[in-house]
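Inside the fold
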Amino acid sequence: MTRLVRPDAVLVQAVIAGALSFAHLHDLAEAAGQHGWKAWAYPISVDLLLVASWHRLRTLRESGEPSRSAWSWFAVALAASLGANVATAGLLDLGDVPDWLRILVAGWPALAFLGGTLLVHRPTPPNDPEPAPAPRPVVERETEPGVQAAPAPALPAPAPAPAVTAPPALVAHAQKIAADHRTRTGSAIDTETLRARLGVPSSMAEAIAAQLA
C-alpha cells in the first residue's frame, strides 16, 4: 500500500512566503529598469545571500568564532528582501521609480558578489600547537684564578641497624630444641631449622644461633 505524503505546514508556509518575496523582488527589479532574465536573477541573488549568510552564521556559532560579519550580510540580504516586499505594497509608484532606488538595484550585484565571496572564502586561522619552550642552557660556574672551588659536603653515613636481642626465655627454649636435635641427629642444629622450629624471623634466629654456639 502506497503511503500518502502529508505536507508539512511549516514547509508549505515557507514555500508561499518565498514565492511572494521572489515575485516582489522581480517586480521591483523590473520597475527599476532591469528587464528579461535580469529581473529574475535579482530575487535569486537576494535569497542565495540570505541562505549563505545564515549557514555561515550557524557554522561560526558552533565553532565559537566571531559571527559579526555573517550577521551583517544576513541583515543586508534581509533588508533587501523586506524592502522589496514593502515597496511593492502600494507605497511606491512602480511606474515612476526614484533614481536612488535605481542606483541601489543596479549596484546590488556587486554588493551581493562581495558578500558571497567573503562568506565562502573567509580564512580560518590554523590551529597550530604552541611550540615547546627551548631547554635552558646549563651554565657552568667559573671560579676565579687561584681560588679553589669548595668541595661538596659529604653525605652523612647511614645509621647502623639496631642489634636484635632475643628474650632469655626464647633462648632457653632454643637450647632445648638444639639439644634434642643433637640427640636425634648427632649434629648441631642449623639456623634455618632453628628458625622453622621457633617460628621467628631470620634475624632473630641468627641472633639465637650465635648465643647457642
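Shown above is the structure to which this text applies.
Presented here is an overview of the structure given in this document.

What counts and what doesn't
Residues numbered from 1 in each chain as written. Predicted model: local features only at pLDDT ≥ 70, side-chain atom pairs only at ≥ 80, totals over all residues. Heavy atoms only, no water. 1 Å grid on protein atoms, 1.4 Å probe; cavity = no way out; pocket = protein on both sides within 12 Å on 5 of 7 lines; lining within 4 Å. Points joined across faces, edges and corners; volume = space filled by probe spheres on them. Helix = DSSP H or I, 4+ residues; strand = E, 2+ residues; numbered from the N terminus. Nonpolar A, V, L, I, M, F, W, Y, C, P; charged D, E, K, R; others polar. Expected span 1.5 Å × (residues − 1). Buried < 20%, exposed > 50% of the residue type's maximum accessible area, 1.4 Å probe, protein only. Contact = heavy atoms within 4.5 Å. Core = buried A, V, L, I, M, F, W, Y, C linked by side-chain atoms within 4.5 Å. Axes fitted to C-alpha atoms, helices over the stretch in contact; angles between N-to-C directions. Parallel < 35°, antiparallel > 145°, perpendicular 65-115°, else oblique. Left-handed = near helix turned anticlockwise from the far one by under 90°. Phe/Tyr/Trp six-rings, centres within 6.5 Å; stacked < 30°, edge-to-face > 60°. Salt bridge = Lys/Arg side-chain N within 4 Å of Asp/Glu carboxyl O.

Things to note about the layout of surface pockets
Its boundaries defined by the atoms lining it, the largest pocket holds a volume of some 360 Å³. If you trace the largest pocket, you find 18 residues lining it, with Leu 28, Ala 80, Leu 101, Leu 104 and Val 105 closest to the centre. Of all the elements in the fold, those that place two or more residues in the lining of the largest pocket are α1 (9–31), α2 (37–63), α3 (68–91) and α4 (99–120). In terms of residue count, the dominant contributor to the lining of the largest pocket is α4 (seven residues). Looking at side-chain class alone, the lining of the largest pocket contains 16 nonpolar, two polar and no charged residues.

Things to note about α3
In a regular helix each residue adds 1.5 Å, so 24 residues correspond to 34 Å; α3 covers 32 Å between its end C-alpha atoms and thus fits that length. Within α3 the residues assigned to the buried category are Ala 70, Trp 73, Phe 74, Ala 77, Ser 81, Ala 84 and Ala 87. Contact partners of the buried residues in α3: α1, α2 and α4.

A closer look at the side chain of Gln 34
Here Gln 34 is to be found in the loop between α1 and α2. Of the residues examined, Gln 34 reaches a relative accessible area of 15% and is grouped as buried. Leave out the neighbours within four places in its chain, and Gln 34 touches Ala 29, Ala 39, Tyr 42, Val 105 and Ala 106.

Quick notes on the nonpolar core
Ranked by size, the top nonpolar core spans 22 residues in total, and within it Leu 49, Val 105 and Trp 108 carry the most contacts. Looking at this core, the elements with two or more residues in it are α1, α2, α3 and α4. Sorting elements by how many residues they give to this core places α2 first, with six residues. When residues no more than four places from it in sequence are discounted, the contact partners of Val 105 are Ala 29, Ala 32, Gln 34 and Tyr 42.

Thoughts on the packing of α3 against α4
Running from N to C, α3 and α4 cross one another at 150 degrees; their axes reach a closest spacing of 10 Å. What the angle tells us is that α3 and α4 run roughly antiparallel. By crossing handedness, the relation of α3 to α4 is classed as left-handed. Along its contact with α3, which presents Ala 70, Trp 73, Val 76, Ala 77 and Ala 80, the element α4 presents Trp 108, Leu 111, Leu 114, Gly 115, Leu 118 and Leu 119. Among the residues forming the contact of α3 with α4, the class breakdown is ten nonpolar, one polar and no charged.

Some thoughts on the packing of aromatic side chains
Scanning all chains against the criterion turns up three aromatic pairs. Here Trp 54 and Phe 74 contribute two aromatic rings whose centre-to-centre distance is 5.7 Å and whose plane-to-plane angle is 45 degrees, an arrangement assigned as tilted. Pair noted here: Trp 54 is in helix α2 and Phe 74 is in helix α3, with a separation of 20 residues, a long-range link. The class for Phe 74 is buried, based on a relative accessible area of 18%.

Observations concerning the pattern of salt bridges
What the rule picks out here adds up to two salt bridges. We note a salt bridge from Arg 184 to Asp 180, for which the minimum N-O separation is 3.0 Å. One end of the pair is Arg 184 and the other is Asp 180, both in helix α5 (residues 168–185) and four residues apart, which spans about a single turn. Owing to a relative accessible area of 35%, Asp 180 belongs among the partly exposed residues under this scheme. For Glu 192, the salt bridge goes to Arg 195, with nearest N and O atoms at 2.8 Å. Residue Glu 192 and its partner Arg 195 are both found in helix α6 (residues 191–198); the two are separated by three residues, about one turn of the helix.

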